[in-house]
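Topology and contacts: notes
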Amino acid sequence: MNAIEEILQAAHDASSNAYAPYSSYHVGAALLLDDGSIITGSNFENASYGLSLCAETVAIASANSQSKLKHITAIALAGGKPDHSGKAILDEKASTPCGRCRQIIKEVSDVTNIDTPIYCLHVGGYSRYTLSEILPDAFGPKNLA
Ligand code: THU
């Protein structure tokens, strides 16, 4: 298995850990670091719905808490309704990062100086995007300089 396949599988596995009693939509995210290691996250919902955290945000905040933000080289995502074990049942079309997560990934992209690749799992394969493709002309730290 290559590194991209590994993070896609890690993201899919992490979807089992989603806490999503309100939407019943399970998402897992996995970050590939430059040393080959992987950090995962799962969506974490709240009874006050708007406070819910997406899987990508959880994974990126976790990387930051380990001082690993600048080492993120790629992100993988897997989402869907859970099967009996809680793992996302993939759709024909990949689930892509929400708008807020795109902006969160923008921060990663600026810290790493990489147009972060985002791999989104679907039935039978994955779609690859880069942050600038899915969030063109983004607001970022340069705007504040
Ligand atoms: N969700 C994510 O975890 N990542 C995204 O990029 C899209 C949405 C979560 C939020 C919520 O818990 C559930 O999926 C349904 O929107």
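In this text the structure is predicted, and so the values were computed from the model without any measurement.

**Regarding the overall build of the protein**
- The number of helices and strands found in the protein is four helices and six strands.
- When its helices and strands are written in sequence order, the protein yields α-β-β-α-β-β-α-β-β-α.
- Relative to the globule expectation of 15 Å for 145 residues, the C-alpha radius of gyration of the protein, 14 Å, shows essentially globular dimensions.
- When its C-alpha atoms are laid out on the principal axes, the protein stretches across 50 × 40 × 30 Å.
- Across the 145 residues in the protein, those meeting the buried criterion constitute 43%.
- A sequence separation of at least 24 residues applies to 62% of the contacts in the protein between residues at least 6 apart.

**Remarks on the pairing of strand S6 (residues 125-130)**
- As paired strands, strand S5 (residues 117-122) and S6 are joined by six bridges and run antiparallel to one another. Its bridge partner being in S6, Ile118 is matched across the sheet by Tyr129.
- Here S5 folds back onto S6, and the loop between the two strands holds two residues, one of which, Gly124, carries a positive phi near 80 degrees.

**Thoughts on the pattern of salt bridges**
- For the structure shown, the criterion picks out three salt bridges.
- The closest approach of N and O atoms between Asp110 and Lys142, which form a salt bridge, is 3.6 Å. Of this pair, Asp110 sits in helix H3 (residues 99-112) while Lys142 sits in the segment after helix H4 (131-134); the two residues are 32 residues apart in sequence, bridging distant segments of the chain.
- The exposure class of Lys142 is exposed, given its relative accessible area of 67%.

**Overview of unusual backbone geometry**
- The phi dihedral of Ser67 falls on the positive side, at around 60 degrees, and the residue is not glycine.
- Following the sequence through the fold, Ser67 ends up in the loop between helix H2 (55-65) and strand S3 (72-82).
- Despite not being glycine, Asn113 has its phi angle at roughly 60 degrees, a positive value.
- Inspection of the secondary structure puts Asn113 in the loop between H3 and S5.

**Things to note about the site of the ligand**
- Neighbouring residues of the ligand: Ser23, Tyr25, Val27, Asn43, Glu45, Cys54, Ala55, Glu56, Thr96, Pro97 and Cys98.
- Here Asn43 contributes a side-chain N or O atom positioned 2.9 Å from an oxygen atom of the ligand.
- The contact in question runs from an oxygen atom of the ligand to an N or O atom on the side chain of Glu56, over 2.6 Å.
- Its residues placed into classes, the shell around the ligand shows six nonpolar, three polar and two charged.

**Considerations on the nonpolar core**
- Within the largest apolar cluster, 21 residues are counted, with the highest numbers of intra-cluster contacts made by Leu31, Ile60, Ile72, Ile75, Ile105, Ile118 and Leu131.
- Ignoring anything within four residues of it in the chain, the contact list for Leu131 reads Arg102, Ile105, Lys106, Ser109, Asp115, Thr116 and Ile118.
- Leu8, Ala11, Ala74 and Leu90 belong to the second-largest nonpolar core, a separate cluster that totals 13 residues.

**Section: the state of the cysteines**
- If you walk through the whole model with that rule in mind, you get zero disulfides.
- Left unpaired, Cys98 is separated from the closest cysteine sulfur, that of Cys101, by 3.7 Å.
- Its relative accessible area of 31% is what places Cys98 among the partly exposed residues.

About the criteria used
- Residues numbered from 1 in each chain as written.
- Predicted model: local features only at pLDDT ≥ 70, side-chain atom pairs only at ≥ 80, totals over all residues.
- Heavy atoms only, no water.
- Helix = DSSP H or I, 4+ residues; strand = E, 2+ residues; numbered from the N terminus.
- Rg over C-alpha atoms; globule rule 2.2 N^0.38 Å.
- Buried < 20%, exposed > 50% of the residue type's maximum accessible area, 1.4 Å probe, protein only.
- Contact = heavy atoms within 4.5 Å.
- Pairing = 2+ DSSP bridges.
- Salt bridge = Lys/Arg side-chain N within 4 Å of Asp/Glu carboxyl O.
- Near = heavy atom within 4 Å.
- Polar contact = N/O pair within 3.5 Å; in protein donor to acceptor, adjacent residues only side chain to side chain.
- Nonpolar A, V, L, I, M, F, W, Y, C, P; charged D, E, K, R; others polar.
- Core = buried A, V, L, I, M, F, W, Y, C linked by side-chain atoms within 4.5 Å.
- Disulfide = S-S within 2.5 Å.

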